[in-house]
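Structural description and commentary
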Amino acid sequence: MIRRLFPHPWLSLALVLVWMGLVNRWAVGSLVFAAIIGLVVPLVTAPYWPGANGYRAPHRIPAYFMMVLWDIARANFTVARIVLFMPRRALQPAWIAVPLDLRHPEAITALAATITLTPGTVSCDLSEDGRALLVHAMHAPDPDAVLDEIKTRYEARLKEIFE
């Protein structure tokens, strides 16, 4: 019964928190509307999530989230330093094809979102078979190091969470 009402409880919780953050007002009316959104959106979209079997290790999500926030903050300073002090001709942009071990669409989406949210990198394309992600790095003197960081820092942790 509870699974029918909340087909994706984590999505419901995320929607409530995001809505409350967007309205930036902790009032009862805002919370009620956030709860309605958190209830209705997952119910309406549930048919489009066939085979969604949830997370293998949801307790690791907060640690992953905090790591990504830290990386975003750190990358902001790095990108600011590059933009303000590095001559344009010294930039070494790179296209990096990241072979994926992830198979769950939700995990691949989380990886692509993580890469794009981190300043200085953007995920641009996913191969048709879902086995490679194309990433552009604004400054990557060593593209193999960027690839290694994506694989070990993000993909490995997402694999633990999802698969």
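All figures in this text were calculated on a predicted structure; none of them were measured in a lab.

A positive phi angle, close to 55°, is found at N24, a residue other than glycine. With respect to the helices, strands and loops of the structure, N24 is situated in the loop between α2 (9-23) and α3 (28-45).

Bringing the packing of helix α5 (residues 105-117) against helix α6 (residues 143-162) into the picture now. The geometry of α5 relative to α6 is characterised by a closest axis approach of 10 Å and an angle of 145° between their N-to-C directions. Crossing handedness for the pair α5 and α6: right-handed. Only I150, Y154, E155, L158 and F162 of α6 make contact with α5, whose side of the interface consists of E106, A107, A110, L111, T114 and I115. Across the contact of α5 with α6, the residue classes break down as eight nonpolar, one polar and two charged.

What follows deals with the UniProt feature "transmembrane region" (unreviewed entry) in the protein chain. Per the UniProt record, "transmembrane region" (unreviewed entry) is found at residues 30-49 and 61-84. With 80% helix and 0% strand, residues 30-49 has its two end C-alpha atoms placed 28 Å apart. Along residues 61-84 the backbone is 100% helical and 0% strand, and the end-to-end C-alpha distance reaches 34 Å.

Moving on to the layout of surface pockets. There is about 520 Å³ of room inside the second largest pocket. Elements with a contribution of two residues or more to the lining of the second largest pocket: α4 (61-85) and α6. In terms of residue count, α4 provides more of the lining of the second largest pocket than any other element does, seven residues in total. Of the residues assigned to the lining of the second largest pocket, the class counts are 13 nonpolar, five polar and five charged.

Reading guide: rules and limits
- Counting from 1, residues in each chain are numbered in the order their sequence is written.
- Residues qualify for local features only when their pLDDT is at least 70, as the model is predicted, and side-chain atom pairs are given and counted only at 80 or more; totals for whole chains, interfaces and linings, by contrast, use all residues.
- To get the side-chain values, all heavy atoms of the structure are used, and hydrogens and water are removed first.
- We count a stretch as a helix when DSSP gives it H or I for four or more residues in a row; a strand needs E for two or more, and each element gets its number in order from the N terminus.
- In this description, a line fitted to the C-alpha atoms serves as the axis of each element, helices being fitted only across the stretch in contact, and the angle between N-to-C directions of two axes falls anywhere from 0 to 180 degrees.
- Note on convention: near helix rotated counterclockwise from far helix by under a right angle means a left-handed crossing. Clockwise means right-handed.
- We call two residues in contact when some of their heavy atoms are within 4.5 Å.
- Amino acids are sorted into nonpolar (Ala, Val, Leu, Ile, Met, Phe, Trp, Tyr, Cys and Pro), charged (Asp, Glu, Lys and Arg) and polar (every other residue, Gly among them).
- UniProt positions are given in the numbering used here, feature names are shortened, and annotations may be inferred rather than shown by experiment.
- Both cavities and pockets are sets of points on a 1 Å grid over the protein atoms alone; in a cavity a 1.4 Å probe fits but cannot get out, in a pocket the set is open with protein on both sides within 12 Å along at least five of seven lines, and lining residues sit with an atom within 4 Å of a point.
- Grid points are joined across faces, edges and corners, and a volume is the space filled by probe spheres set on the points.

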